[in-house]
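Descriptive structure summary
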Amino acid sequence: MIDQFGRNIDYLRISLTDRCNLRCSYCMPNGVCPVSHAEILSYEEILCICKEAIALGITHFKVTGGEPLVRKGILAFLQQLKSLSGCETVTLTSNGTLLNPFLKELREIGIDGINISLDAANAVVFARITGSSLYEQVFSALCNSVACGIKTKINCVLLAENQDQILPLASFAQQFPVDVRFIELMPIGEGATLSAPSPKSAREQLLSVWPDLHPVDERRGFGPARYEQSAALLGRIGWIDALSHSFCASCNRIRLTSTGLLKPCLCYGEGRDLRRLLRSDNQESLREAMAEAIFAKPAAHCFQEQNAITEHRKMAEIGG
Ligand code: SAM
Ligand code: SF4
């Protein structure tokens, strides 16, 4: 569907839960206020929303959280989502710690890609950032995901703590056919309290090792990443830098939180309460409410003006 600024909105990020088994320093170092099960959308409710989304022209779905793999029944849900008529792609974003036992079935379902969030290439720095000793599980899930033929990407948030991890993480693109994407820290939730290095300084580190790194004009998914290539790398280096390179003019996404808020823009707390609609006798049609929210999507984020940000949830409560 086309929004008020002429952008084609065809991508929905679905958060299945706000719970997570990690405590990333920039996301939810002290956890989140637990939401009761009754407040979380059921899979049936989410699928109902997805059907309406498809009717409005949304064809790409990203399943996220919290950690989506902590929610029971996710495989059956992904299978049902994949089989909805009009659904073109379903991808998953995960911290990778619980991924290994799911891989075989994810491949069978035909998952279109998995993004593994990994902010360090060794167990010590990983533990410092995530509060967890599960680095080896993530690394093995990365290897196994690639080995079983799933399109796999690594997402690393640029932090003060992982400046010495930029090169080792990027080297995974030399070792495996994976894209390694660096995400600029966004001032949402805990991220608003931290200062982080710029993507430019990370890129300088990469250029010192791969001087032929250069931008390529290719789409490697349905998100906002810009990609670069080097002859020495099997995968690409990606940049998701919402602050230094705003991509709002071509933003194609909306977000559904696990409690049923349809959020047109990451930066603003406002959204449409679809759970209330789904659970009430209200005659207003779900599709109409979604269409209104999509049409009214704001022109741009306001990350550069801290006071204008009205989103005060943590990233784990939104889904990233
Ligand atoms: N637990 C899953 C994971 O980590 O991939 C999915 C949810 S997590 C909220 C989704 C993405 O948001 C992750 O790649 C994470 O690194 C990123 N993220 C969280 N807080 C962020 C922030 N303040 N700025 C930029 N990215 C952030
Ligand atoms: Fe959990 Fe993902 Fe947030 Fe880390 S970034 S605490 S893995 S939800």
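Description of the structure in this document. What you see is a predicted model, and the numbers here were worked out from it, not measured in a lab.

Side note on the layout of surface pockets
- There is about 210 Å³ of room inside the second largest pocket.
- In terms of lining residues, the second largest pocket is bounded by Leu 16, Thr 17, Arg 19, Val 35, His 37, Ile 40, Leu 41, Ser 42, Tyr 43, Val 70, Arg 71 and Lys 72.
- Among the residues forming the lining of the second largest pocket, the class breakdown is six nonpolar, three polar and three charged.

Remarks on the pattern of salt bridges
- Across all of its chains, the model carries 14 salt bridges by this definition.
- Close ionic contact of Glu 218 with Arg 220 constitutes a salt bridge, the shortest N to O distance being 3.4 Å.
- For Arg 220, a relative accessible area of 23% gives the class partly exposed.
- For Asp 241, the salt bridge identified is with Arg 226, shortest N-O distance 2.5 Å. Highlighted residues: Asp 241 in the loop between strand E9 (237–240) and strand E10 (253–256) and Arg 226 in strand E8 (residues 226–229), separated in sequence by 15 residues.
- Judged by its relative accessible area of 3%, Asp 241 is buried.
- Classification of Arg 226 as partly exposed rests on a relative accessible area of 35%.
- Through salt bridges that share partners, Asp 179, Glu 218, Arg 220 and Arg 236 make up one connected network.

Observations regarding the packing of helix H1 (residues 43–55) against helix H2 (residues 74–82)
- Remark: H1 packs on H2, axes separated minimally by 11 Å, with the N-to-C direction vectors making an angle of 20°. Viewed along their axes, H1 and H2 adopt a mutual orientation that is roughly parallel. In this structure, the crossing between H1 and H2 has a hand that is right-handed. Counting all contacts with H1, which are made through Tyr 43, Ile 46, Leu 47 and Cys 50, the residues of H2 involved are Ile 74, Phe 77, Gln 80 and Leu 81.
- Here the contact of H1 with H2 is composed, by residue class, of seven nonpolar, one polar and no charged.

Procedures and definitions
Residues numbered from 1 in each chain as written. Chains lettered and ligands numbered in written order. Predicted model: local features only at pLDDT ≥ 70, side-chain atom pairs only at ≥ 80, totals over all residues. Heavy atoms only, no water. 1 Å grid on protein atoms, 1.4 Å probe; cavity = no way out; pocket = protein on both sides within 12 Å on 5 of 7 lines; lining within 4 Å. Points joined across faces, edges and corners; volume = space filled by probe spheres on them. Nonpolar A, V, L, I, M, F, W, Y, C, P; charged D, E, K, R; others polar. Salt bridge = Lys/Arg side-chain N within 4 Å of Asp/Glu carboxyl O. Buried < 20%, exposed > 50% of the residue type's maximum accessible area, 1.4 Å probe, protein only. Helix = DSSP H or I, 4+ residues; strand = E, 2+ residues; numbered from the N terminus. Axes fitted to C-alpha atoms, helices over the stretch in contact; angles between N-to-C directions. Parallel < 35°, antiparallel > 145°, perpendicular 65-115°, else oblique. Left-handed = near helix turned anticlockwise from the far one by under 90°. Contact = heavy atoms within 4.5 Å.

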